[in-house]
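# Working through the structure, step by step
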Amino acid sequence: MDVGLRQFVIDAWSWLNYKPVMADAGRPGSRSFPELAASWLPPHELRRLAAYKVLAAYDNNQAGQLAATSGDETALERRELGDAANLVDTALGYLLGSEQKIAVEGAEHADAEAPKPGSTEAAAVQEQLRKWAEKELLTLRIQQAERAAVLLGDSVFVLAWNPEKQRPTLRTYDPGFFFPQWEDEDADFPTQVHLAWELPEDEDAGLKARVRRVTYELGPISEDVEGVVRQYPWEPGRSSKVTCYLTDAEWLLEDLKRGETLDRLPMDKAAFRVRSDGTELNRLDLMIDFVPVIHITNTIPDGGEHWGRSAIARVLQGLDELAATDSDSSAASATTGTPIIGLAGARLPVDRATGKPEQLKVEAGAVWQLGDSGRMDALDTSSQLAELRARVEHLLDRIASNSRVTAAGLGTLDASEVPSGYALKLALGPLDALVGAMRLAREHKYRLLFKMVQRLFQAGRAEGWMAGESLPVRLSWAPHAPTDRAAVLEEVVQAYGAGVLSLETAVAMLMDAGYPIKDASEEVARIRVKAEKEAEDRMREAAVARGDVNGEEEEGQEAREGGDQGQEAPAARSFGFAASRG
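A brief structural summary. In this text the structure is predicted, and so the values were computed from the model without any measurement.

### Focus on a negative patch on the surface
On the surface, a cluster of negative charge is made up of E201, D202, E203 and D204. In this structure, E203 sits in the loop between strand 5 (192-199) and strand 6 (210-220). A residue is classified by how much of its surface remains accessible, and E203, at 67% relative accessible area, is exposed.

What follows is the structure, given as structure tokens:
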């Protein structure tokens, strides 16, 4: 059977061209994924959707079943032991680190420094966003979205203002439901976005099969009167002619004709959904000038592309080889544990019903009677089994290397093979570069998400949110690799004691190393208060030893005046971290 490519194609999913399900560039996966044959799906999106299906099959140990649908019957015997899912989860763990924090630029400053203009507002916004993140389960949402991004290459966040909760809500969507409409390929963001999926038939409820489409679209504020403008609270003094419209509707599949694809669905046959307050969701004006949909990519897209690449994209053939080798190894272990035996000169028992010799079984306690010239030969497959196991190790190393997660990152590196911590750091070098690139691909998208959250709070006139430009906010990631905390502590103590680091920088280094410091400013304040108290106690003891009570009071007054003038107490530099270290 010919399963090769019928057409040579190079695109964002070319790494899947070796798969039979992707052989037809025009209708990929039509036999394996019947749902992709739906008439409403745009033809140019089919390769992307088929790629998502293939990657999901690997994640669920169903790559063999997928290959069987393409005619490879032997693929059903393939052993899949979760290597693809393990690679995805490992990459996800390194990407996320131990925690993520919302950081507003200018919200934190050194206690000895005068607050910069706007720092008070920045600190208030940071606190409000962190409270919103806790209520909206941001950490959980990030886990959901990022696993899809690492596995499939893409993920989608959708924001919406909830008038009952008086806050923006955040939801994640399968990227297979995401269909952006690009009017200009050079534009940074699409002006129209569809979220669409099929709803199956429900005979009990009397519902037929339907397709649901949620559309966000930027357009003029008034379609009847030109020149209508609006001032948004995040851009005071500037008028805008644009707003975002929301449409949420359903169509019966039986009503759709050939050629009526997602962006051409007949509006006269649409059944519009109704909001809880009775408002029909037919071009509802959201009173914002942006599309509240954020597309997350796992990698930085190539020029002219908008889609990311899966963490396992370039090692899929290695995973296929690994599954095949595991299957061969399982078969070889069966013949090693229960070998094939050849008998010569043996008297075999005869089945009385058929008169034919019975087949002997290799089992404990079995006794076979051999003649004078009889012999028994056993087929030894242990050497082949050892070779297959060595090949499994080789393939695991190759997959770890080519995915850049590395053997050290996967935990398969033997600790005895690492001569030093520096050698381990070098071994983790590709993983560091991988995590850095993945986080860079997400940096701007999370900044955009928090900008939209601020604007939705302003549009909803939430308490405590005043008009004004949105503040720059970023998602701060924890270190992805373990840190030698003892070495960092020693470095901080020496550098701070020598006066080459400020107290704020030293505390920040300890936080990055994983020390349980919740707030840098509070920790700095506690260290200084403790150091000043210790300094006062020592001066008091020295004064008592000299019998000079008045001198003690004068020295204490001088120390307090020095602190009021913003000067660091000498004891803070000498003993602040020594006390913490103890």
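### Thoughts on the packing of helix 1 (residues 46-59) against helix 5 (residues 138-152)
Axis separation between helix 1 and helix 5 bottoms out at 9 Å; the angle between their running directions is 105 degrees. Our classification of the angle between helix 1 and helix 5 gives roughly perpendicular. Counting all contacts with helix 1, which are made through Y52, L55, A56 and D59, the residues of helix 5 involved are R147, L151 and L152. Class assignment of the residues belonging to the contact of helix 1 with helix 5 gives a composition of five nonpolar, no polar and two charged.

### Quick word on the pattern of salt bridges
For the structure on display, the rule yields 27 salt bridges. The closest approach of N and O atoms between R47 and D11, which form a salt bridge, is 2.6 Å. With R47 in helix 1 and D11 in the segment before helix 1, this residue pair connects regions lying 36 residues apart in the sequence. On the accessibility criterion, R47 (7% relative accessible area) is buried. Here the residues in one salt-bridge network are K19, R78 and D320, joined through shared partners.

### Details of the nonpolar core
With 107 residues, the main nonpolar core has W40, W132, L159, Y216, I312, L449 and F450 as its most contacted residues. Setting aside residues no more than four positions away along its own chain, Y216 makes contact with V158, T191, Q192, V193, L195, C244, Y245, L246, L286, V291, P292 and V293. Formed by 13 residues, the second largest nonpolar core is a distinct cluster that contains L503, A506, I517 and V524.

### Structural notes on the side chain of S155
In this fold, S155 is placed in strand 2 (residues 154-162). A distance of 2.9 Å separates a polar side-chain atom of S155 from the backbone oxygen of A145. In contact with S155, not counting residues within four places along its chain, are A145, A148, A149, Y173, P175, I294, H295 and I296.

### Structural notes on the environment of R447
Looking at the secondary structure, you find R447 in helix 10 (residues 429-459). Judged by relative accessible area, R447 falls into the partly exposed class, the value being 32%. As a C-alpha pair, R447 and L475 span 28 residues in sequence and 7.3 Å in three-dimensional space. Aside from chain neighbours lying at most four places away, what touches R447 is P472, V473 and R474.

Parameters at a glance
- Residues numbered from 1 in each chain as written.
- Predicted model: local features only at pLDDT ≥ 70, side-chain atom pairs only at ≥ 80, totals over all residues.
- Heavy atoms only, no water.
- Patch = residues over 30% accessible without salt bridge, like charges linked within 9 Å, V, L, I, M, F, W, Y side chains within 5 Å.
- Areas by Shrake-Rupley, 256 points an atom, 1.4 Å probe, with all protein chains shown as cover.
- Salt bridge = Lys/Arg side-chain N within 4 Å of Asp/Glu carboxyl O.
- Lys, Arg positive; Asp, Glu negative; His and termini not counted.
- Charge placed at Lys NZ, Arg CZ, Asp CG, Glu CD.
- Helix = DSSP H or I, 4+ residues; strand = E, 2+ residues; numbered from the N terminus.
- Buried < 20%, exposed > 50% of the residue type's maximum accessible area, 1.4 Å probe, protein only.
- Axes fitted to C-alpha atoms, helices over the stretch in contact; angles between N-to-C directions.
- Parallel < 35°, antiparallel > 145°, perpendicular 65-115°, else oblique.
- Contact = heavy atoms within 4.5 Å.
- Nonpolar A, V, L, I, M, F, W, Y, C, P; charged D, E, K, R; others polar.
- Core = buried A, V, L, I, M, F, W, Y, C linked by side-chain atoms within 4.5 Å.
- Polar contact = N/O pair within 3.5 Å; in protein donor to acceptor, adjacent residues only side chain to side chain.

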